[in-house]
Amino acid sequence: MKYLFILIAFILTFNAWSQDVYSRNYAVREADFYYNKHIKLGANDVDYTLKSIGSPYAYPEFLPGALLTSDSVIHKNIYLRYNVHRNEMEVKTSKTEDVDVFSLLKSPDFYVKIKEKVYEFVPLNGKVEDGTYFEILYSGDHVDLYKNQTKKYSPPVKARTSLQGDIPQKFEDVNKYYIVTDEGLLYEIPSSKRAKLDVFNVKKEYLEKYVKKNRLNLGDEKDLLRLISHYDSLL
């Protein structure tokens, strides 16, 4: 499979792609993709300028990127940064500091490529506002591996006494992994190491031996990728 649009069983769904959204040659304006300037800080927003443990971003800098369909590049020469905490792709038309930062339009109609990483946006129950991004870690002949990133936020805490120090705000990574099947169904891989192989059904016994023989740590993303690649080759 190559960057297939998916249906997430029981949880996430998204509408079918309509070719009416864009012209056949994808000669679109920047305004078709950018829906507003970067959100200004408000009373209920997190101030990213404060001292922090961790980061709200997948990576702190704007990196070269593009917008893709399964077989075409529809917009390039842009710079992107994934704000995981806000579930937003931030975009600039130049890497210089003095240009406006926009929020990328959330849509399942295109993929977001940031250097070597590719993301797909999937609405929740057909609602774009409730959807989220998935990073495509592996795209195989029969199964894909998707990664969903979130950030657990802990607000700053002021010191209560002169003997204590302030505790800065904290952004903690929370990652979930999903197998996408040929039928377009997505299954979450359990976080428990013992339960991870349960998602593989009929191949579970064989894969248990493969994991043991190769001393794979399924809590490690690289080893999980190796397992998924081997599983794909068996189908």
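Residues numbered from 1 in each chain as written. Predicted model: local features only at pLDDT ≥ 70, side-chain atom pairs only at ≥ 80, totals over all residues. Heavy atoms only, no water.

For the rest of this paragraph, the subject is the overall build of the chain. Counting its secondary structure elements, the chain contains 2 helices and 12 strands. Counting helices and strands in the order they occur from the N terminus, the chain gives β-β-β-β-β-β-β-β-β-β-β-β-α-α. Buried residues in the chain amount to 42% of all 235 residues. Restricting the contact set of the chain to residue pairs at least 6 apart, pairs at least 24 apart contribute 57%. When the accessible surface of the chain is totalled, it reaches about 13,900 Å², and 49% of it is carbon and sulfur. (Helix = DSSP H or I, 4+ residues; strand = E, 2+ residues; numbered from the N terminus. Buried < 20%, exposed > 50% of the residue type's maximum accessible area, 1.4 Å probe, protein only. Contact = heavy atoms within 4.5 Å. Areas by Shrake-Rupley, 256 points an atom, 1.4 Å probe, with all protein chains shown as cover.)

Moving on to the packing of aromatic side chains. Scanning the entire structure with this criterion turns up 9 aromatic pairs. Note on Y48 and Y57: the rings are 5.8 Å apart at their centroids and 65° apart in plane angle, and the pair reads as edge-to-face. Across the pair, exposure class does not vary: Y48 and Y57 are buried alike. Where F134 meets Y146, the ring centres are 6.1 Å apart and the plane angle is 45°; that geometry is what we call tilted. A residue pair is termed long-range when its members are at least 10 positions apart, and F134 in strand β9 (residues 127-139) and Y146 in strand β10 (residues 144-154) qualify at 12 residues. The buried category is assigned to Y146, whose relative accessible area is 0%. (Phe/Tyr/Trp six-rings, centres within 6.5 Å; stacked < 30°, edge-to-face > 60°.)

Here we come to the pairing of β10. Along any regular strand the residues' side chains alternate between the sheet's two faces. Relative to β10, β9 is paired through 4 bridges, and the arrangement is antiparallel. In the strand pairing of β10, E135 is matched with K147. Where β9 folds back onto β10 in an antiparallel hairpin, the turn is made up of 4 residues. For β10 and strand β11 (residues 169-180), the ladder comprises 11 bridges, and the chain directions are antiparallel. Looking at the pairing, L145 lines up with I179 of β11. (Pairing = 2+ DSSP bridges.)

All right, on to helix α2 (residues 221-234) then. Look at α2: 20 Å from first C-alpha to last across 14 residues, which is about the 20 Å you get at 1.5 Å a residue. Turning to α2, its buried residues are D223, L224, L227, I228, H230, Y231 and D232. Among the structural elements, β9, β10, β11, β12 (186-189) and α1 (204-213) are those in contact with the buried residues of α2. The backbone nitrogen of K222 lies 3.0 Å from a side-chain oxygen of the residue at the head of α2, namely D220. (Expected span 1.5 Å × (residues − 1). Polar contact = N/O pair within 3.5 Å; in protein donor to acceptor, adjacent residues only side chain to side chain.)

Okay, the confidence of the model for the chain next. In this model, the chain carries an average pLDDT of 82, and 82% of its residues clear a pLDDT of 70 or more. Confidence drops under pLDDT 50 across residues 2-28; counting only partners more than four residues distant or on other chains, this segment forms 66 contacts. (pLDDT = per-residue confidence, 0-100.)

With that out of the way, let us pick up the environment of D130. Note on placement: D130 falls in strand β9. Separated by 43 residues in sequence, D130 and N87 place their C-alpha atoms 9.9 Å apart.

This paragraph deals with the pattern of salt bridges. Using the criterion set out here, one finds 7 salt bridges in the structure. With a shortest N-O distance of 2.4 Å, D173 and K151 are connected by a salt bridge. One end of the pair, D173, is in strand β11; the other, K151, is in strand β10, with 22 residues separating them in the sequence. Relative accessible area serves as the criterion here: at 15%, K151 is assigned to the buried category. D198 is the partner of K204 in a salt bridge, and the nearest nitrogen-oxygen pair spans 2.5 Å. For K204, a relative accessible area of 27% puts it in the partly exposed group. On the basis of relative accessible area, D198 is assigned to the partly exposed category, the value being 40%. (Salt bridge = Lys/Arg side-chain N within 4 Å of Asp/Glu carboxyl O.)

This part is about unusual backbone geometry. Phi at N77 is positive, roughly 60°, even though this residue is not glycine. The exposed category is assigned to N77, whose relative accessible area is 63%. The backbone of R215 sits at a positive phi, close to 50°, despite the residue not being glycine. Assignment of secondary structure puts R215 in the loop between α1 and α2. When its relative accessible area of 75% is taken as the criterion, R215 is described as exposed.

Position of S107 among the secondary structure elements: in the loop between β6 (102-104) and β7 (111-114). Looking at S107, the relative accessible area reads 7%, which means it is buried. Here D109 takes part through its backbone nitrogen, which lies 3.0 Å from a polar atom of the side chain of S107.

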